[in-house]
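Working through the structure, step by step
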Amino acid sequence: MQQIQNKTLLSFMVPPSKDTLTVINPATTEVIGYVATSSESEILSYIEQSHSAQQEWAQLPAKVRAKRLQHWFQLLIENKDDLGYLMTLEQGKPLEEAKGEVVYGASFVEWFAEEAKRTYGESIPSPSGDKRFITIKQPVGVTCAITPWNFPNAMITRKAAPALAAGCSFIVKPSEHTPLSAFAIAELAYQAEIPRELLRVVVGKDPIEIGRIFTSHPLIRKLSFTGSTQVGRTLMQQSANDVKRTSMELGGNAPFIVFEDADIDAAVQGAIASKFRNAGQTCVCANRFYIHHSIYEKFATKFQQATERLTVGNGLDQGINIGPLITPSAKENILSIVEQAIAQGAEPTAPISPRPGQFLDPIILKNVTHDMDITQLEIFGPVAPLIKFDTDEELIRMANDTIYGLAAYFYSQNINRVWKISEALEYGMVGINEGVISSEVAPFGGIKQSGIGREGAKQGIDEYLELKYLCFGGLQ
Ligand code: SIN
């Protein structure tokens, strides 16, 4: 922790006690520190405070809210090195990648600071002379979020910034694995005069119980969740009692497709970026590769060579591309998926190295067929199964054969095919000759069982706004 220059970012850390959560470094399994958990009664009182704070915040002119968010953005950028270091410590991703996430996370704050001023309603041409119709947009109210460990910063700012910009209050429960980044970015928000009562971070030993409080409290009007489809379903069911609004950013099973007319070197580069970002622990990671049979061997060889240039290790060390997996059980789960695929006929392109701890070297599997279980599972690790295809029709059928619909990627130089495949893929986001698609200005989200709603872009703020229709009648 000596490396952290801005000590205010550590103000939430406390000595260990029975009421603290222990934060572990996944690269070394050493204890990094402790944070205080919130009791049920504390969380209930935060929700009450959040309600009053929201009423005052919503009364502020949008320009004032925008200025505070802009200030928060500046502080996030000024503290990029410290926030990145803290993230690598608790999450494991390589330091440069962690700093990149801080900038990505801050970009949502900047974007929604700007969007705060543009929550326009409409005037609707009236069908009768004595009436006039308009719509206005108003904040949803008290909102909450449950966020994951894979992006400890950006998944919070992508939700908190539109909520605050819209005039809502926001309570977030970050992952128990990565609370340090959450408390640190909230501390910077307080320094930007965003009231503590308006933006609250809560953690507990029992995350399911916090989810139950969030989904059952009458003052909370919306829940935004990023995580697994399984947990998302439960939260949606719990939210149904009060008919709360929900945004769900759930699991993915992204196909990465390389056609015979693709630029193979570009496809390999895109595959490396998409597959190994965050050690393969992202919802939009390429999960299964469909390669046209005529270029299968060529692609597999070049992909293998490029993968061999990646270095696995502690994210704080120089030159590391792939950090540790988040927990020992995450590694066990990935290896059991690989074992099952091998038992079904898949062949690793190199011996699987027995690397100790939570580290795992990239694994490429050849001779995978679409009927193997691995094509239906979200691997969430540095494993790339390569499947051959012959025709576009067969490819589309296999690519869409999943309950998920978050992201898909394909490489082709044929403009007719580019349009046809873009339209046929049943996904919320499609990367065309591109392996990295995330941006604060573009709508992020999925279809099918990958979720509901969009984050970022001009659509992101609407998730925190109610549309009200005003009918002016009796006009002479
Ligand atoms: C995710 O994995 O859910 C987020 C990835 C991103 O924002 O790029």
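Predicted, not measured: the structure shown is a model, and the values here were computed from it.

Notes on the site of the ligand
For the ligand, the full set of nearby residues is Tyr104, Asn150, Phe151, Met155, Arg158, Glu249, Arg277, Thr282, Cys283, Val284, Ser438 and Phe444. Glu249 has a polar side-chain atom sitting 2.9 Å from an oxygen atom of the ligand. Between the ligand and Ser438 there is a distance of 2.4 Å, counted from an oxygen atom to a side-chain nitrogen or oxygen. Its residues assigned to classes, the shell around the ligand shows six nonpolar, three polar and three charged.

Structural notes on the packing of aromatic side chains
Applying the stated criterion across every chain, the model contains 12 aromatic pairs. Within the aromatic cluster, the residues linked to one another by ring pairs are Phe256, Phe276, Phe289, Phe299, Phe303, Tyr409 and Tyr411. The ring of Phe151 is capped by Lys93, whose NZ or CZ atom sits 4.1 Å from the centre of that ring. Lys388 extends its terminal NZ or CZ atom over the ring of Tyr296, reaching a point 4.8 Å from the ring centre.

Thoughts on the side chain of Asn287
With respect to the element layout, Asn287 can be found in strand β11 (residues 286–292). On the basis of relative accessible area, Asn287 is assigned to the buried category, the value being 3%. Here Asn253 takes part through its side chain, which lies 2.8 Å from a polar atom of the side chain of Asn287. The contacts of Asn287, once residues within four sequence positions are left out, are Asn253, Ala254, Lys275, Ile374, Leu377, Glu378, Ile379, Phe380 and Pro385.

Let's talk about the sheet that holds strand β19 (residues 451–452)
Read from one edge of the open sheet, six strands run β7-β6-β5-β8-β9-β19, paired in mixed fashion. The open sheet is flanked by β7 (199–201) and β19, the only strands paired with a single partner. Relative to β7, strand β6 (residues 169–173) runs parallel, the two being bridged by three bridges. Paired with Phe170 across the two strands is Leu199, which belongs to β7.

Reading the values: the criteria
- Residues numbered from 1 in each chain as written.
- Predicted model: local features only at pLDDT ≥ 70, side-chain atom pairs only at ≥ 80, totals over all residues.
- Heavy atoms only, no water.
- Near = heavy atom within 4 Å.
- Polar contact = N/O pair within 3.5 Å; in protein donor to acceptor, adjacent residues only side chain to side chain.
- Nonpolar A, V, L, I, M, F, W, Y, C, P; charged D, E, K, R; others polar.
- Phe/Tyr/Trp six-rings, centres within 6.5 Å; stacked < 30°, edge-to-face > 60°.
- Lys NZ or Arg CZ within 6 Å of the ring centre and 35° of its normal.
- Helix = DSSP H or I, 4+ residues; strand = E, 2+ residues; numbered from the N terminus.
- Buried < 20%, exposed > 50% of the residue type's maximum accessible area, 1.4 Å probe, protein only.
- Contact = heavy atoms within 4.5 Å.
- Pairing = 2+ DSSP bridges.

Take it as geometry only, folks, not as evidence of what the structure does.
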